[in-house]
Amino acid sequence: MADQTYSGEFYCVKCKAKREAEGAIEVNAKGTRIAKAKCPVCGTNLTRFLPKAA
Ligand SMILES: [Zn+2]
C-alpha cells in the first residue's frame, strides 16, 4: 500500500496545546498506526496513535 497521510489534531507537549498538522502514517511491528508530524508553531515532532481502521 502507498504511504498514507493523516491530517488532524496532534497534542504538542512543548506548546501544551493541540495543533492541527499533517504527517505521514507509519505502522509499527505490532500493526499500530502512528501518525507523525511537526508542530507548525514550535517545530517539535508530534506523534499520534491512530485507531485501527473501522
Ligand atoms: Zn508546539
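Residues numbered from 1 in each chain as written. Predicted model: local features only at pLDDT ≥ 70, side-chain atom pairs only at ≥ 80, totals over all residues. Heavy atoms only, no water.

A. How the structure looks around the side chain of Thr-44. Relative to the helices and strands, Thr-44 resides in the loop between strand 3 (33–38) and strand 4 (45–50). Aside from chain neighbours lying at most four places away, what touches Thr-44 is Cys-12, Lys-14, Ala-37, Lys-38 and Cys-39. (Helix = DSSP H or I, 4+ residues; strand = E, 2+ residues; numbered from the N terminus. Contact = heavy atoms within 4.5 Å.)

B. View of the coordination of the zinc ion. Protein-derived ligands of the zinc ion are Cys-12 (SG), Cys-15 (SG), Cys-39 (SG) and Cys-42 (SG), with the metal-ligand distances lying across 2.2 to 2.4 Å. For the zinc ion, the four donor atoms in the first shell make angles of 105 to 115° at the metal, so the coordination geometry reads as tetrahedral. Counting residues between consecutive donors of the zinc ion along the chain gives the motif C-x2-C-x23-C-x2-C. Cys-12 sits in the buried class, given a relative accessible area of 0%. (Donors = N, O, S within 2.8 Å, 3.2 Å for Na, K, Ca; no water. Tetrahedral: all angles 85-135°; square planar, octahedral: opposite > 155°, others 65-115°. Buried < 20%, exposed > 50% of the residue type's maximum accessible area, 1.4 Å probe, protein only.)

C. How the structure looks around the pattern of salt bridges. Applying the stated criterion across every chain yields a total of two salt bridges. One salt bridge in this structure joins Lys-18 and Glu-9, with 3.9 Å as the shortest N-O distance. Judged by its relative accessible area of 35%, Glu-9 is partly exposed. Notably, a salt bridge pairs Lys-36 with Glu-26, separated by 3.3 Å at the nearest N-O pair. Placement of Lys-36 in strand 3 and of Glu-26 in strand 2 (residues 17–27) is noted, with a sequence separation of ten residues between them. (Salt bridge = Lys/Arg side-chain N within 4 Å of Asp/Glu carboxyl O.)

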